[in-house]
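# Structural description and commentary
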Amino acid sequence: MLILRNTLESLSGVFRFLLFCLALCLAGCSKMEERADLVICNGKEPESLDPAILTGMPDGRVALALFEGLTRYDPKDSSPLPGLAERWEISEDGKTYTFFIRANAVWSTGEPITAHDFVWSWLRVLHPDTAADYAGNLYYIKNAEAFNTGKLTNAAEVGVQALNERTLKVDLVNPTPFFLELCAFSPQTVVPRQVIEKHGDRWLHVRPLPSSGAYELVYWRLNDRIRVKKNMRYWDAQNTASEVVDFVPVNTATTAINLYETKQVDIIWDKDSIPSELLPVLRKRPDFHRFPVLGTYFYRYNVTRKPFDDPRVRKALSMAIDRKKIVEKITAGGELPANFLVPPNSGKYRSPEGLPYDPEAARKLLAEAGFPDGKGFRRFSYIFNTSREHQRIAVELQEMWRKELNIHVDLKSVEWNVFFRFQTELDYDLARSSWFADYSDPNTFLDLFMSNNPNNRTGWRNERYDTLLREANGLSDAVAREKVLQQAEALMVRDELPIGPLFIYQGFNIWDPERITGAYTNPRDEHPTRTIKRLK
Amino acid sequence: MIRYIIRRVLFLVPMLFLISMLAFALVRVAPGGPFDKNRRPASPEVEKRLLAKYHLDKPLWRQYLHYLGGILQGDFGPSLKQRHHSVNDIIAEALPVSLVLGGLSFSLAMGIGIPLGFYTAIGKGKLFDYTGTFISILFICVPGLVLGPLLVMIFAIQLRWFPVGMLGSAWHLVLPVLTLGIYFSGRIARLMREGMLNVLYSEFIMTARSKGLSETRLLWKHAFPLAIAPVLSYSGPLLADLLTGSFVVETIFQIPGLGIHLVNSSLSRDYPVIVGLVILYAFLLMLLNLLVDVIHAWIDPRVQLA
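So, here's what we can say about the structure. (Residues numbered from 1 in each chain as written. Chains lettered and ligands numbered in written order. Predicted model: local features only at pLDDT ≥ 70, side-chain atom pairs only at ≥ 80, totals over all residues.)

### Notes on the overall build of chain A
- The number of helices and strands found in chain A is 16 helices and 19 strands.
- Radius of gyration (C-alpha) of chain A: 26 Å, near the 24 Å computed for a compact globule of 536 residues.
- In terms of its C-alpha atoms, chain A occupies a principal-axis envelope of roughly 85 × 80 × 50 Å.
- A total of 536 residues make up chain A; the buried ones form 50% of that total. (Helix = DSSP H or I, 4+ residues; strand = E, 2+ residues; numbered from the N terminus. Rg over C-alpha atoms; globule rule 2.2 N^0.38 Å. Buried ≥ 20, exposed ≤ 12 C-beta atoms within 10 Å, placed from the backbone.)

### Examining unusual backbone geometry
- The omega torsion across A:Arg207 and A:Pro208 is -5°, close enough to zero to call that bond cis.
- With respect to the helices, strands and loops of the structure, A:Pro208 is situated in the loop between helix H6 (193-199) and strand E8 (215-221).
- Cis geometry is adopted by the peptide bond preceding A:Pro307, which originates at A:Lys306 and carries an omega value of -5°.
- Take A:Pro307: it is sitting in the loop between strand E12 (288-301) and helix H9 (311-319).
- Phi at A:Lys263 takes a positive value of approximately 60°, unusual for a residue other than glycine.
- Relative to the assigned elements, A:Lys263 resides in the loop between helix H7 (253-261) and strand E11 (267-268).
- The backbone of B:Arg269 shows a phi angle near 55°, a positive value even though the residue is not glycine.
- With respect to the element layout, B:Arg269 can be found in the loop between helix H12 (258-267) and helix H13 (271-299).

### Remarks on the nonpolar core
- Counting 226 residues, the largest nonpolar core has A:Ile40, A:Cys41 and B:Met192 as the members making the most contacts within it.
- In terms of residue count, helix H4 (residues 87-122) of chain B provides more of this core than any other element does, 16 residues in total.
- In this structure A:Cys41 touches A:Val248, A:Val250, A:Ala256, A:Leu259, A:Tyr260, A:Val265, A:Ile267, A:Ile268, A:Trp269 and A:Ser273, once residues within four positions along its chain are discounted. (Core = buried A, V, L, I, M, F, W, Y, C linked by C-beta atoms within 7 Å. Contact = placed C-beta atoms within 7 Å.)

Dropping the structure here:
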């Protein structure tokens, strides 16, 4: 009896405790989160909001709402407009830029933003200790590369200096036609020295966090949302369209579209957040926006491995691919089949035609390389990061190569990190790849395959290619420059083929033109938050 | 009893130590590293600095000692992926969410499972037994991966009774708690039914019944406390599981719990986060198992804690 009573008592005690917890939970959760004026489905959870460190598009979108550079993007075409610099002068040789910072440029906490802040921010990106992946974007500045790689330790020799509080002088290595656009890109934005020096890696936890862009950070809850509110001290605050904006990370495309359909989110930016099975339906709706972007889908050859060290083999494989079939049958989003690397809309640049789809010529090339009818060609592998679309494309390639060339490829789906490890260590035969532009200029694609570029990852080193690119980037005449760049690209996509280009990506956004104003589509898929507003 | 508990708690320390060591070594066996990505640093020097910053350039045993030193001061290290968040930040942010979601789901699972199992056992062979058993098996057979989207489709998109996902209010929790709780309620109902049947046919119940004890008293006061033993044993690991988050439910409903971190950190080779969460899970599991053992001893006089 005693035991029973004890039992019941203890059980009821546990039960009471559970009830208490429940009540506590409900009380805690039921405090309603006010809906933001604008809720953006922002793709993957950002890894960082530190402009010097971040690399992802979702990260950049939030960072650019918080921090601004000398220029800022035009939401319509992503071209650079005056940002914290109200104007600039460019020397005749195109190598010296003098920026004049606005008198009313202040941090959200009230202190003035000076040219010294810019010098400090840029040097921080370049400082080896920051270990910024994007430091390469500042290599156009004199001595920046040497400083970043530790060959030069005196920061004063880097070509960026503050002439006074409001004047910034930048010396470049070459006339760099896309430099103003780079100035709008996140690594070149100005960040609060006063906070970073004091708090180190934890600076983003400081509140209020001084910001230089149209918004200031309210909170960042991992996998929940990043909330920002209008920065009242922003120089152009009267034109900031929304007061409070939430950036919501979503893990699956289905959840994203469900949230959108029930109006919990107002905009979906990323292609990854749109379920591909629904594309045929979504494509017909007025809130679905489709446009060519600066991104190329291709595959890499590991040219250090036989038989891919022979350009004839690489050409043969590429010429056996029916790209039209891939974009029509698999991707089906209006992608442009491509036998070149640089997407259209990269400035005024036009890519040279690469090798055509010609199975007959492909077979001939393969025979010349010593593999008539595919005889003696070893089984090789094609790796791709796990994804249904990549898988389907790989299967199609496998089939085309088998049918046209009688060669056999094993498909290997690997995890994201492992996938890139294989590439870096050149531990693959063929690898699915893609690249998106950092700025609207062919150089952002072409310099990938320079011998010393860490993103080359094909083992392909071509001195002539390197020389052509260097020569092009030394030219201040735009037309002449483009000609040389075309020569370089032709060398790559016609003669050498360290890669096999497949198609140019299409960007997909979802937002209702009747509910959202100030949003536009553009080739960089760049959407400054400051102009976007939800009507009702 | 107190001495037993103290001994078990003391035993936790070397176990956690061992688990941390194993986890630390095992995550390194997986190929790829935290900094492998499409856009590599501009120069190899930058990459070296990055590795040095997180001590990843040192031999594994030194990394572990460094890590252990941190843990002893209550610091589980920085996340390598979320570079502005420490593992402590992540746990502090996501654990409460998982506790709420897990706690509610656990209560729901118990609330449905125990009575369902209890009454199906009593009415063995009757219509209620068949219906109840069918329901509990149905609950077990429909995984969250299916049930979640189904509930969303019906209650969030068609009927608009509840939000599709995200956190914000108590309403946001209804569908995820149902998805997570219903599956386990099926399992608990099965366990409860088995336990109850075992007890009902045991000799002391027969004796009590033949002595003329009232049926209600017999069932509730004599059979129930013993029949619940299997459920109790199961509930320790279950609660530990639920409290440390569920990847599927968190993904479907966009809930910022621990489950997403556990899976994503494994995929992105975020070593400190993986190890930190494994230690947390192991700790909860051992603690709850201890709790279950103590409750067992409390309920069942035959159980001796020694």
